[in-house]
Amino acid sequence: MTLLTPQAGDIPLPVPGALSVPYWEGCAAGELRFQRCSDCGGATHTPAVLCAHCTSTDLVWEVSSGRGEVYSWTTIWRPATPAFEVPYVPLIVEMEEGWHMLADLVGCEHDAVHVGLAVEVEFFAHPGGITLPYFHPRR
Ligand SMILES: [Zn+2]
C-alpha cells in the first residue's frame, strides 16, 4: 500500500504572471481562489482577463469551498521528466462553484480514484518556493 504524496522533487514549477499572482498568493495563504464574473455570475479558471462565459472584463476574485468531485483523471507511469515520482494521478476536478481545475490526487492509493469521487483541496509548500494545490478524498 503506497499513498500518493505531493511531488517534492526538482519538478518544473509554475511561474506566476501578472494575471495569476492572486491565485498563487491564495494557495500560499491556504485559499483556493477563482474569478467570478460580476455581469453573468459565471466562474472562470485559469486566471483570465475575460469571463469565459460572456467575455466581460468585470471579474472579481472569490475563495472556493475547496470541495469538488473528480470529473476525469489519468494515472502517469512514464512522466515527461524523471523528476516526477510515479505513479501520480492528475485530476480534472469539478468544483462546487461550477468551475474545473487540474491538480494531482494525494492521500490514497492510485487505483482508488474514480469519476465522481468527492475530493477536497489541500496545499503543499514545494521546496522550490511555491505552494501547490492537491486534492485528497473527502473523509
Ligand atoms: Zn460573464
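What you are looking at is a predicted structure, and each value in this text was computed from that prediction instead of being measured.

*Asks:* Got a minute to help me understand the sheet that holds strand β3 (residues 59-63) in this structure?
*Replies:* Strand pairing in a sheet relies on backbone hydrogen bonds. The paired strands run either parallel or antiparallel. As summarised here, the arrangement of the 3 strands in space is β2-β1-β3, forming an open sheet in which the pairing is antiparallel. Every other strand in the sheet has two partners, leaving β2 (43-44) and β3 as the edge strands with one partner each. By the bridge criterion, 2 bridges tie strand β1 (residues 33-37) to β2 in an arrangement that is antiparallel. Its bridge partner being in β2, arginine 36 is matched across the sheet by alanine 43.

*Asks:* Explain unusual backbone geometry to me, please; I cannot follow it from the model alone.
*Replies:* With an omega of 10°, the peptide bond between histidine 45 and threonine 46 qualifies as cis. Among the secondary structure elements, threonine 46 is positioned in the loop between β2 and β3. That bond from valine 86 to proline 87 is cis: its omega, -5°, falls within 30 degrees of zero. Among the structural elements, proline 87 can be located in the loop between β4 (67-73) and β5 (90-95).

*Asks:* What is the right way to read the nonpolar core from this model?
*Replies:* Side chains that are nonpolar tend, in soluble globular proteins, to be buried together. Judged by nonpolar contacts, the single largest core of 17 residues is most densely connected at Val89, Leu91, Val93, Leu105 and Phe135. The set of elements that each furnish at least two residues to this core consists of α1 (21-28), β5, β6 (100-105), β7 (118-125) and β8 (131-137). Other than its neighbours up to four places away in sequence, phenylalanine 135 contacts Leu91, Val93, Ala103, Leu105, Val119, Glu120 and Val121.

*Asks:* Explain α1 here, please?
*Replies:* Given 3.6 residues per turn, any residue in an α-helix points the same way as the ones three and four places further on. For α1, every residue scored as buried is listed here: Tyr23, Gly26 and Cys27. The buried residues of α1 occupy an angular sector of 100° when the element is viewed end-on, so they sit on one face. On the buried face of α1, the contacting elements are β1, β7 and β8. In the stretch just after α1, glycine 30 is the one whose phi turns positive, near 80°.

*Asks:* Sorry, what's going on with the environment of alanine 118 here?
*Replies:* Among the structural elements, alanine 118 can be located in strand β7. For the pair alanine 118 and threonine 2, spaced 116 residues apart in sequence, the C-alpha to C-alpha distance is 20 Å. Beyond its immediate stretch of four places on either side in the chain, alanine 118 contacts Glu69, Pro137 and Arg138.

About the thresholds
- Residues numbered from 1 in each chain as written.
- Predicted model: local features only at pLDDT ≥ 70, side-chain atom pairs only at ≥ 80, totals over all residues.
- Pairing = 2+ DSSP bridges.
- Helix = DSSP H or I, 4+ residues; strand = E, 2+ residues; numbered from the N terminus.
- Core = buried A, V, L, I, M, F, W, Y, C linked by C-beta atoms within 7 Å.
- Buried ≥ 20, exposed ≤ 12 C-beta atoms within 10 Å, placed from the backbone.
- Contact = placed C-beta atoms within 7 Å.
- Arc of directions from axis to C-beta.

Structural measurements only, silent on function.
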